[in-house]
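If you want the building blocks of each chain, they are given just below.
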Amino acid sequence: MGNIGRLAARQALENVGVVEEGENRGRWVEMYQAAVGIPPGSPWCAAFVRFRLEKAAERLDKELPEGFPDSGWVPSYEAWAKRNGLWVSARTAELDDVEPGDLAVFWFEAKQRCSHIGIVVECPSTGIWTTVEGNTGPDMATSINRDGDGVYQKRRTRAMLGSRGGFVKIKF
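All figures in this text were calculated on a predicted structure; none of them were measured in a lab. (Residues numbered from 1 in each chain as written. Predicted model: local features only at pLDDT ≥ 70, side-chain atom pairs only at ≥ 80, totals over all residues. Heavy atoms only, no water.)

Q: Can you lay out the side chain of lysine 154 for me, pointing to particular residues and giving the numbers?
A: The topology assignment puts lysine 154 in strand β5 (residues 150-157). Not counting residues within four places of it along the chain, the set of residues in contact with lysine 154 comprises Trp129, Thr130, Thr131, Glu133, Thr136, Gly137, Pro138 and Asp139. (Helix = DSSP H or I, 4+ residues; strand = E, 2+ residues; numbered from the N terminus. Contact = heavy atoms within 4.5 Å.)

If you want it as structure tokens, here you go:
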């Protein structure tokens, strides 16, 4: 795992507690959305991830890799990881395959696509990863909320990523 990913994970923890001011709006939420050029009021989980990675790269005086998604569209992160050999399927992920700074990508059967994303911040040996996710809610640990009201720390199992979910390795 790279320095940008590790720093992004640490910085993501500092954003826990950010809440919307209106539907998908607010000072912080709109900064996340601006990072990927989506208008206020848009879903913003992927924008939060991109914002954190961008800010970590800036602080380290580095750049994100050429072609890394600059998007609020979760499937673009999945597609990039698969093209670059950095996708780890949740079905086959071993505990040591995932590190802080990697991205957790959630598959939703109803949408037939990956449609939520967060940053892994802790990988204990129990098989339950701790993530920080934007545009989610304080819901029970067994549910995945992709249209919540803020940035929350969550505990996620492999099964919670869905049948086709997985992880994006952040090796930069």
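Q: Hey, could you go over helix α2 (residues 27-35) for me, with residue numbers and the actual values?
A: Residue pairs three or four apart in sequence face the same way in an α-helix, which turns once every 3.6 residues. Buried within α2 are the following residues: Val29, Tyr32, Gln33 and Ala35. Across the axial projection of α2, the buried residues extend over an arc of 155 degrees, all falling on one side. Of the exposed residues in α2, those oriented more than 90 degrees away from the buried face are Arg27 and Ala34. Those residues of α2 that are buried are in contact with α1 (3-15), α3 (45-59) and β5. Once α2 finishes, glycine 37 follows within two positions and takes phi at roughly 75 degrees, a positive value. (Buried < 20%, exposed > 50% of the residue type's maximum accessible area, 1.4 Å probe, protein only. Arc of directions from axis to C-beta.)

Q: Lay out the packing of α1 against α3 with the relevant residues and their values.
A: The N-to-C vectors of α1 and α3 enclose an angle of 120 degrees; their axes lie 8 Å apart at closest approach. Accordingly, the angle class assigned to the pair α1 and α3 is oblique. Where α1 crosses over α3, the two elements pack in a sense that is right-handed. When α1 is examined against α3, the residues Ile4, Gly5, Leu7, Ala8, Gln11, Ala12 and Asn15 are found in contact with a partner set consisting of Phe48, Arg52, Leu53, Lys55, Ala56, Ala57 and Arg59. Partitioned by chemical class, the residues of the contact of α1 with α3 number 8 nonpolar, 3 polar and 3 charged. (Axes fitted to C-alpha atoms, helices over the stretch in contact; angles between N-to-C directions. Parallel < 35°, antiparallel > 145°, perpendicular 65-115°, else oblique. Left-handed = near helix turned anticlockwise from the far one by under 90°. Nonpolar A, V, L, I, M, F, W, Y, C, P; charged D, E, K, R; others polar.)

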